[in-house]
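# Structural features, examined
So you can see what is in the structure, the chains are spelled out below.
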Amino acid sequence: MSQKWDVIVVGMGAMGSAAVWHLARRGMRVLGIEQFSRGHNRGSSHGGSRIIRNAYFEHSNYVPLLRRSDVLWNELEERSGAKLIHRCGLLYGGLHASEVIAGVRHSALLHGIQFESIEPAKISNRFPAFAKYAEPIEEFIFEPHAGFVRPERAICAMLADAEENGAIVREGAAVDHWHERADFVEVTAGGITECADALVLCPGAWTPELARELNVPLVNARQVIGWITPYESRQDESNAMPAFFMEREGGASMYGVPTASDQGMPSGIKVGFHGDGQECTADSIDRVVRAEEISAIEKAFARAAPSLAGAVTASTVCMYTNTPDGHFVIDRMPRLRRTSIACGFCGHGFKFAPVVGEILADLAMRGETNLPADFLRQNRFA
Ligand SMILES: Cc1cc2nc3c(=O)[nH]c(=O)nc-3n(C[C@H](O)[C@H](O)[C@H](O)COP(=O)(O)OP(=O)(O)OC[C@H]3O[C@@H](n4cnc5c(N)ncnc54)[C@H](O)[C@@H]3O)c2cc1C
């Protein structure tokens, strides 16, 4: 057995990297362990962009956490010197009483978040790309402070800053065993056993394999995203469009991020569906995108923004890890004193990564947090 760490964090995706970042900056001796490499494309945190927004329709309880996350994203961007956040705004569309529109309005009014309601008849003046929207939309809402974050860059920035503060990150090492003893925690990866005062588990879609003791029925769902290149050259219009989240009649909502090409990433408007996806396991997921999946993305986008309709020129597969109620799990592991977990981010967790890391650092060091995250405890499923 080698040296004793203050904290070991398993899984260097969004949440684990953020936990390592906070722990290292607090002077902890921290070891991060990742089975692949930082910024890899086999989990839930790849694809060049993740929408960030504050008028949270999923539940207004998330808003204080989002506000803290915003502060931390800015801090990370400043410290790293890398461009991580793009505030292009976000356009929501749907029926007045729908979960999305009613929920955005409720959160925005409750927490004083700036938004603009736009009648469908006036959308062509404001955002011409959506002028001929073919779904039954009663209201558009624009949230100007929203936008998107670069996930791979953000993960690398958090880990680089953590390493500058003394963290060690071991990549290409899969944890196959961990055990909490009375005075410490043991973790075995790649045949090497390490021990620490505390353990933080952030295994994403691999949670069912790594944290069987967690009594939460998690379901992984396969997600396909495509990058649309408009048929005609409408580069100006597609650059000027905001990110969007639109309800569709009889189908999962569609979201998208404007053309945001980045080194090593496809260019085009990134489009995906939120709220469907075949059940899968992290290791046996089908990573081949089928022709009918491409065609579904092209057709749905052509109904939303006919003037920008085009072909999917790149695609990838990603995973959601869903809980029964659509809300995250951030807590200590049941019946354990030294082990915490963050999982079940249900396809909307990335924007929270910095504040989740802060909560996890609190749990690892003090066993509790002052951040308002009680509504995300695992015992709600007991
Ligand atoms: C297509 C798609 C679109 C999304 N869009 C948005 C969005 O617009 N906005 C938003 O906020 N959120 C979005 N999300 C959700 C968000 O990306 C996820 O909630 C978030 O990335 C989850 O982070 P994580 O750290 O839990 O998982 P991951 O980032 O997948 O990290 C888990 C890590 O643990 C590692 N690991 C697992 N088991 C082991 C082991 N035994 N040993 C060592 N390492 C291990 C994995 O390799 C992986 O790196 C989207 C998700 C998808 C799939």
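In this text the structure is predicted, and so the values were computed from the model without any measurement.

Our next topic: the overall build of the chain. The number of helices and strands found in the chain is nine helices and 20 strands. In terms of C-alpha radius of gyration, the chain reaches 21 Å, essentially the compact-globule figure of 21 Å for 382 residues. Each of the three principal axes of the chain carries a C-alpha extent, and together these read 65 × 40 × 40 Å. In the chain, buried positions account for 57% of the 382 residues.

A word on the packing of helix H1 (residues 14-25) against helix H2 (residues 63-80). Put simply, H1 and H2 touch, their axes get as near as 13 Å, and they point 75° apart. Between H1 and H2, the angle is such that the two are roughly perpendicular. Two secondary-structure elements touch here, H1 through Trp21, His22 and Arg25 and H2 through Leu72, Glu75, Leu76 and Arg79. Considering only residue class, the contact of H1 with H2 consists of three nonpolar, one polar and three charged.

With that settled, the discussion passes to the domain arrangement of the chain. We note that the domain assignment places domain 1 (4-47 + 152-215 + 325-381) and domain 2 (90-144 + 219-322) within the chain. Its C-alpha centre places domain 1 at a distance of 30 Å from the equivalent point of domain 2. Contacts between domain 1 and domain 2 engage 16 residues on the former and 16 residues on the latter. Taken together, the two surfaces of domain 1 and domain 2 that pack against each other cover about 1300 Å², and 50% of this comes from carbon and sulfur.

Strand order in the open sheet formed by three strands is E3-E8-E4, with antiparallel pairing between adjacent strands. Edge positions in the open sheet fall to strand E3 (50-52) and strand E4 (85-86), since each of these has one partner strand only. Strand direction decides the pairing type here: E4 and strand E8 (residues 147-149), joined by two bridges, are antiparallel. Considered in E8, the bridge of Ile85 is made with Val149.

Inspection of every chain in the model, using the stated rule, returns zero disulfides. Counting only cysteine sulfurs, Cys202 is the nearest neighbor of Cys343, a cysteine outside any disulfide, at a range of 8.9 Å. A relative accessible area of 1% means that Cys343 is categorised as buried.

Mapped onto the elements, Asn54 comes out in the loop between E3 and H2. Residue contacts for Asn54: discarding those within four places in its chain leaves Val63, Leu66, Asp70, Ile113, Glu143 and His145.

Moving on, we come to the site of the ligand. Not every one of the 34 residues close to the ligand is listed here, only the nearest: Glu34, His40, Ser45, Cys318 and Lys351. Within the side chain of Gln35, one N or O atom sits 2.9 Å away from an oxygen atom of the ligand. With the chains in place, 96% of the 1000 Å² that the ligand exposes on its own is no longer accessible. Every element with two or more residues in the shell around the ligand is listed here: H1, strand E2 (30-34), E3 and strand E18 (310-322). It is E18 that provides the largest number of residues to the shell around the ligand, a total of three residues. The residue inventory of the shell around the ligand, partitioned by class, reads 20 nonpolar, 11 polar and three charged.

Structurally, the position occupied by Phe345 is in the loop between strand E20 (339-343) and helix H9 (353-366). Setting aside its immediate chain neighbours within four residues, Phe345 contacts Met15, Thr321, Phe328, Ile330 and Val356.

Our focus in this paragraph is the nonpolar core. One finds Val9, Trp73, Tyr92, Ile330 and Phe352 to be the most contacted residues of the largest nonpolar core, which totals 74 residues. Each of two domains, domain 1 (4-47 + 152-215 + 325-381) and domain 2 (90-144 + 219-322), supplies a minimum of three residues to this core. Beyond its immediate sequence surroundings of up to four residues, Ile330 is in contact with Ile341, Ala342, Phe345, Val356, Ile359, Leu360, Leu376 and Arg377. With 36 residues, the next largest nonpolar core counts Met241, Ile294, Ala304 and Val312 among its residues.

The next thing to look at is the pairing of strand E5 (residues 90-94). Of all five residues in E5, five are buried, a share of seventy percent or more. By the alternation rule, side chains of E5 split into Leu90, Tyr92 and Gly94 and Leu91 and Gly93, which are all buried. Bridging between E5 and strand E7 (residues 139-143) involves five bridges; their strand directions are antiparallel. Bridging from a neighbouring strand, Leu90 pairs with Glu143 of E7. Sheet topology places E5 next to strand E14 (residues 243-248); four bridges connect them, and they run parallel. Bridge pairing links Tyr92 to Phe245 in E14.

This next bit is on the side chain of Glu58. Examined against the element boundaries, Glu58 turns out to sit in the loop between E3 and H2. A polar contact of 2.7 Å, which involves the side chain of Glu58, links it to the side chain of Arg53. Excluding anything up to four places from it in sequence, Glu58 contacts Arg53, His327 and His348.

In the structure shown here, the tally under the stated rule is 24 salt bridges. One salt bridge connects Asp6 with Arg29, and the closest N-O pair in it is separated by 3.0 Å. Here Arg29 lies in the loop between H1 and E2 and Asp6 lies in strand E1 (residues 4-10), a separation of 23 residues in the sequence. A salt bridge links Glu119 to Lys122; the nearest nitrogen and oxygen atoms lie 3.9 Å apart.

Cut-offs applied
Residues numbered from 1 in each chain as written. Predicted model: local features only at pLDDT ≥ 70, side-chain atom pairs only at ≥ 80, totals over all residues. Heavy atoms only, no water. Helix = DSSP H or I, 4+ residues; strand = E, 2+ residues; numbered from the N terminus. Rg over C-alpha atoms; globule rule 2.2 N^0.38 Å. Buried < 20%, exposed > 50% of the residue type's maximum accessible area, 1.4 Å probe, protein only. Axes fitted to C-alpha atoms, helices over the stretch in contact; angles between N-to-C directions. Parallel < 35°, antiparallel > 145°, perpendicular 65-115°, else oblique. Contact = heavy atoms within 4.5 Å. Nonpolar A, V, L, I, M, F, W, Y, C, P; charged D, E, K, R; others polar. Domains from an automatic or database assignment. Buried area = accessible area lost by both parts, 1.4 Å probe. Pairing = 2+ DSSP bridges. Disulfide = S-S within 2.5 Å. Near = heavy atom within 4 Å. Polar contact = N/O pair within 3.5 Å; in protein donor to acceptor, adjacent residues only side chain to side chain. Areas by Shrake-Rupley, 256 points an atom, 1.4 Å probe, with all protein chains shown as cover. Core = buried A, V, L, I, M, F, W, Y, C linked by side-chain atoms within 4.5 Å. Salt bridge = Lys/Arg side-chain N within 4 Å of Asp/Glu carboxyl O.

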